[in-house]
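# Close look at the chain arrangement
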Amino acid sequence: MSERVLIVTGGSRGIGAATARLAGVAGYVVLVNYAANRAAAEAVADDIRAGGGRAETVSGDVGSEADVHAIFAAAERLGRLAVLVNNAGVVDQPATVADMDLKRLERMFRINTIGSILCAREAVRRMSTSRGGEGGVIVNLSSAAAKLGAPGQYVDYAAAKGAIDTFTVGLAKEVAGEGVRVCAVRPGIIETDIHASGGLPNRVAEMTPGLPMRRPGSAEEVARAILWLASDEASYSSGAILDVSGARAILP
Ligand code: NAP
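Calculation rules
- Residues numbered from 1 in each chain as written.
- Predicted model: local features only at pLDDT ≥ 70, side-chain atom pairs only at ≥ 80, totals over all residues.
- Heavy atoms only, no water.
- Helix = DSSP H or I, 4+ residues; strand = E, 2+ residues; numbered from the N terminus.
- Rg over C-alpha atoms; globule rule 2.2 N^0.38 Å.
- Contact = heavy atoms within 4.5 Å.
- Areas by Shrake-Rupley, 256 points an atom, 1.4 Å probe, with all protein chains shown as cover.
- Lys, Arg positive; Asp, Glu negative; His and termini not counted.
- Charge placed at Lys NZ, Arg CZ, Asp CG, Glu CD.
- Near = heavy atom within 4 Å.
- Axes fitted to C-alpha atoms, helices over the stretch in contact; angles between N-to-C directions.
- Left-handed = near helix turned anticlockwise from the far one by under 90°.
- Nonpolar A, V, L, I, M, F, W, Y, C, P; charged D, E, K, R; others polar.
- Pairing = 2+ DSSP bridges.
- Right-handed = clockwise from strand over helix to strand, strands pointing away.
- Core = buried A, V, L, I, M, F, W, Y, C linked by side-chain atoms within 4.5 Å.
- Buried < 20%, exposed > 50% of the residue type's maximum accessible area, 1.4 Å probe, protein only.
- Salt bridge = Lys/Arg side-chain N within 4 Å of Asp/Glu carboxyl O.

### A closer look at the overall build of the protein chain
Helix and strand counts for the protein chain come out as nine helices and seven strands. In terms of overall size, the protein chain behaves like a compact globule, its C-alpha atoms giving a radius of gyration of 17 Å where 252 residues would be expected to give roughly 18 Å. Of the contacts formed within the protein chain by residues at least 6 apart in sequence, a portion of 73% connects residues at least 24 apart. Summed over its atoms, the accessible surface of the protein chain is roughly 11,200 Å², and 53% of this surface lies on carbon and sulfur atoms. Charge centroids of the protein chain, computed over 26 positive and 27 negative side chains, lie 2 Å from each other.

Put into structure tokens, the structure is as follows:
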């Protein structure tokens, strides 16, 4: 039971999958969570095992409290929880606020915000030294949208991610004396399925000429930042929110 377990929610695709693969190489026992895409999650776990690492998969909607309990029960069977990467996230079809209904807003905040808070709660219960734990790290996925607001596309998503920034700062302070660090990354435009899932399959290509680096980021470029924040190299970083956006949405 001395294994260091890393949970990555939404680890079947995109940034989560890249994070899971790098975590496997870094020696973590990786729990790859997914919502629906079991085959993709198993492929990620197979890659980790093929590289000599350890990995398991677990299905579960982070917006369901029962599923969150199941995810953490699966992690407990693997060893000591060292890192939670709160990566699972969704957008929706482009819409103005005037056209957003309650169902959309509830899904947006349930998965992106409440899901991350529920998972962080379970992680703190296991990691906190004041609750018998040995400490640990939580890395949340925010978005450059939290600063830009995403007008005309998904202001609700931007607001849900803005809440993640505030949550990161608040929880970091709350548990700083309990051996738990809490950080976040704010990705810019990253080449993953999320844009097509939100009904904009050409979003990355269309935005590329206007991006400061004239290119999108890769999932692995974000994953490297996540793994660094999770590592002992970042031992004095807590409450930190790292922009991984190729200079997009940088405030003076
Ligand atoms: P993605 O390619 O669309 O992958 C989303 C992942 O989340 C999938 O593994 C999916 O599982 C999982 N997922 C979705 N809903 C879930 C739920 N309710 N419970 C558990 N897992 C769920 O997304 P991505 O682009 O890698 O984004 C990862 C994170 O980075 C998100 O939080 C996103 O908001 C953030 N981000 C992304 C960008 C970008 O440009 N890509 C920019 C800023 C921030 P299935 O495979 O089973 O569907």
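Anyway, onward from the coordinates.
### Quick word on the site of the ligand
Close contacts around the ligand come from 32 residues, with S12, A36, N37, Y157 and T192 the closest. Bound to the protein, the ligand loses 95% of the 910 Å² it would expose on its own. If you list the elements that add at least two residues to the shell around the ligand, you get α1 (14–25), β2 (29–34), α6 (155–175) and α7 (194–197).

### Concerning the packing of helix α3 (residues 65–76) against helix α4 (residues 102–127)
Two quantities define a packed helix pair, namely the angle between the axes and the distance from one axis to the other. Two elements in contact, α3 and α4, have axes whose closest approach is 10 Å; the angle formed by their N-to-C orientations is 35°. Note that α3 runs across α4; the crossing there is right-handed. Of the residues in α4, those touching α3 at E65, V68, H69, F72 and E76 are L118, C119, R121, E122, A123 and R126. Its residues assigned to classes, the contact of α3 with α4 comprises five nonpolar, one polar and five charged.

### Comments concerning the pairing of strand β3 (residues 54–59)
Bridge count between β2 and β3: six bridges; the pairing is parallel. Of the residues in β3, the one forming a bridge with N33 is V58. In this fold, β2 hands off to helix α2 (residues 38–50), which returns the chain to β3; that crossover is right-handed.

### Some thoughts on the sheet that holds strand β5 (residues 136–141)
With parallel pairing, seven strands are arranged side by side in an open sheet as β3-β2-β1-β4-β5-β6-β7. Since the sheet does not close on itself, it has two edges, and those belong to β3 and β7 (241–244), each with one partner. Within this sheet the neighbouring strands show an average axis-to-axis angle of 20°, counted without direction. Relative to strand β6 (residues 180–187), α6 is tilted by about 160°, and along the sheet it contacts β5, β6 and β7. Contacts between helix α9 (residues 219–230) and the sheet are confined to β4 (80–86), β5, β6 and β7, with β6 contributing the most and set at about 165° to the helix.

### Structural notes on the nonpolar core
Counting 34 residues, the largest nonpolar core has L6, Y28, V30, V83, V185, V222 and I226 as its most contacted members. Listed by contribution, the elements that provide at least two residues to this core are β1 (4–8), α1, β2, α2, β4, β5, β6 and α9. Among the elements that make up this core, the one with the highest residue count is α9 (eight residues). Apart from the residues lying within four places of it in its own chain, the contact partners of V185 are N140, L141, S142, S143, V222, A225, I226, L229, L242 and V244. Counting 30 residues, the second-largest nonpolar core is a separate cluster that includes L78, A123, L171 and V180.

### Overview of the side chain of S128
With respect to the secondary-structure elements, S128 resides in the loop between α4 and β5. Setting aside chain neighbours within four positions, we find S128 in contact with G133, E178 and V180.

### Re the pattern of salt bridges
Taken as a whole and judged by the stated rule, the model has 19 salt bridges. Here E3 ties to R54 by a salt bridge, and the two come within 3.0 Å at their closest N and O atoms. Note that E3 is positioned in the segment before β1 and R54 in strand β3, a separation of 51 residues in sequence. Residue E221 is joined to R215 by a salt bridge in which the shortest nitrogen-to-oxygen separation is 2.8 Å. What makes E221 partly exposed here is its relative accessible area of 26%. Here R215 falls in the partly exposed class, since its relative accessible area comes to 39%. Residues joined by salt bridges that share partners form a network here, namely E65, E76, R121, E122, R125 and R126.

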